[in-house]
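# Coordinates in review
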Amino acid sequence: MRVRSIRCAVPFALSVALVLAVTLTGAIAQTGFGAQARLISGETRISGDAAALHMSLALSQAVPYRVRVLGEPPRLVVDLNTVDWAEVDLGDMARSVRSVGALRIGYLPDGWARLVIDLAGPFVLSRSEQRVDSVQGTSQIDLELYRVALEEFEQLARNEEQFAARTSAALLHPNAHVAGVRFEPRKPLVMLDPGHGGIDPGAERDGVREADLVLEFARHLRETLLRRGIFDVAMTRDADEFVSLDGRIRAARAVGADLFLSLHADALPEGLASGAVIYLLGDKASDDSAAYLAERHDRADMLAGVDLTRNTDEIARVLMSVAWQDTAPRSRALAEALVEGVDAGGLRLHRRPIQSGAFTVLRAVDMPSVLIELGFMSSPRDLANLQDANWRIGMTEAISDALELWHERDQALQPLRRQ
Ligand SMILES: [Zn+2]
């Protein structure tokens, strides 16, 4: 089989608008673009994991095509001129691919067929190639994408913004007759957020740093959750490094997290607080300790030069937003399930186990988020517990029980929630 390769060098292009009608001239002569091409089942494939996406579209004949990766939300847009989608169920094919959210196919008024894939984070295109079998007349379009840091994606997005605005607004218009295929992810994804890290050690007692304690705890919790097989798990940091509060939320969004669990073990000056506390986002702190903790957690961001001057406004805006009306009760239910779990595990709870405060890290409106103080390093008993392997096993099991309980209840309420 003679294969003609039409390769497009894509150095690091975020979005490559490739209208291959020009480069395909040779192939046109041999295969012709006359009739509508079909996707060939069995040879069309979508695969990948959380960090990569590969797609091979096998076609009954070569077609002009163009590929773009757009931001906000990240998505891959593939246009083919002209192709009949009917033969292959791409949605079904993509169902087990972690990097893919929803997938939509449709036809644009001007004859282009469009495929839009929601990406579970910032991806860029590393390869885009159509290979034409000049004997059979068939072709295969191969696309490869890999995940990049959000900063890199945003930088590239800015460069492409104007072009994207020109093309995507018109092409992604809902009137473009897009047939929908939407599906649920396989497992809910928990984002564990070990507090502090890097320049910010958190609380310190007897040479023990909160940043280290909670990272160690998060790793054990991740293991426990993965072993049970109900959830997938990601972490905002897996090393002693500084991550801004906003960066933690963005990291959770980037992987499409379903819930956000910030882990802490702070110290309070009066040294009286002990036992686990679950904090929710609120405009008014439930007490002085909550106000102190919220303020203290913002301090590292300020040290690192992150501008938090509008933070109070931001939290007020979140609390008033429509999306929050859906998320707030889910966060509260999560907090309640955690209290039940910790209590059932025979572990210590604070006398007021659910509290609220203006915690910057909890202000994502699109996923239930809570902050757990596993205990307080300022309490000698809690500090001993936090360093005790048996206590840690008890606590990771209790939290895992709680997350499963919450998820079950949350699923049951799903049909009642507005879309
Ligand atoms: Zn902390």
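It should be noted that the structure appears before, not after, this text.
Read on for an overview of the structure.

Thresholds, definitions, all that
Every chain is numbered independently, its residues counted from 1 as its sequence is written. Two thresholds apply to this predicted model, a pLDDT of at least 70 for residue-level local features and 80 or more for giving and counting side-chain atom pairs, whereas whole-chain, interface and lining totals are computed over all residues. Heavy atoms throughout the structure, all of them, feed into the side-chain values; hydrogens and water do not. Each residue gets one of three labels from its accessible area relative to the maximum for its type: buried under 20%, exposed over 50%, partly exposed in between, using a 1.4 Å probe on protein chains only. Put simply, DSSP marks the helices as runs of H or I at least four residues long and the strands as runs of E at least two long, and each gets a number from the N terminus on. Between Lys or Arg on one side and Asp or Glu on the other, a salt bridge is scored when a side-chain nitrogen of the former is within 4 Å of a carboxyl oxygen of the latter. Residue count minus one, scaled by 1.5 Å, sets the expected span of a helix. By definition, the arc is the one covered by directions from the helix axis to the C-beta atoms. Between N or O atoms, a polar contact is any pair within 3.5 Å; within protein, one atom must be a potential hydrogen donor and the other a potential acceptor, and residues adjacent in sequence are included only when both atoms are from side chains.

### Some points on unusual backbone geometry
- With phi around 60°, His196 is a residue other than glycine that occupies positive phi space.
- By relative accessible area, which is 5% here, His196 ends up buried.
- Unusually for a residue other than glycine, Asp206 sits at a positive phi of about 50°.
- In this structure, Asp206 sits in the loop between strand S14 (204–205) and strand S15 (208–209).
- A residue is classified by how much of its surface remains accessible, and Asp206, at 70% relative accessible area, is exposed.

### Quick notes on the pattern of salt bridges
- A full pass over the atoms with the stated rule returns 23 salt bridges.
- Across the pair Arg219 and Asp238 runs a salt bridge, and its minimum N-O distance is 2.8 Å. Here Arg219 is found in helix H4 (residues 210–228), whereas its partner Asp238 is found in the loop between strand S16 (232–235) and helix H5 (245–254), with 19 residues between them in sequence.
- Residue classification places Arg219 among the partly exposed positions, given a relative accessible area of 28%.
- Arg228 is paired through a salt bridge with Glu397; the nearest N and O atoms lie 2.6 Å apart. Placement of Arg228 in helix H4 and of Glu397 in helix H10 (residues 389–413) is noted, with a sequence separation of 169 residues between them.

### Examining helix H6 (residues 288–303)
- Over its 16 residues, H6 extends 23 Å from the first C-alpha to the last, a length consistent with the 22 Å expected when each residue adds 1.5 Å.
- Inspection of H6 places Ser289, Ala290, Leu293, Ala294, His297, Asp298, Ala300 and Asp301 among the buried residues, and these make up the whole buried set. Buried positions in H6, seen along its axis, are confined to an arc of 165° and lie on one side of it. Exposed and oriented more than 90 degrees from the buried face of H6 are Asp288 and Leu303.
- Two to three positions downstream of the cap, the backbone nitrogen of Ser289 sits 3.0 Å from a side-chain oxygen, assigning the N-cap of H6 to Asp287.
- Gly305 sits one or two residues past H6 and shows a positive phi near 85°.

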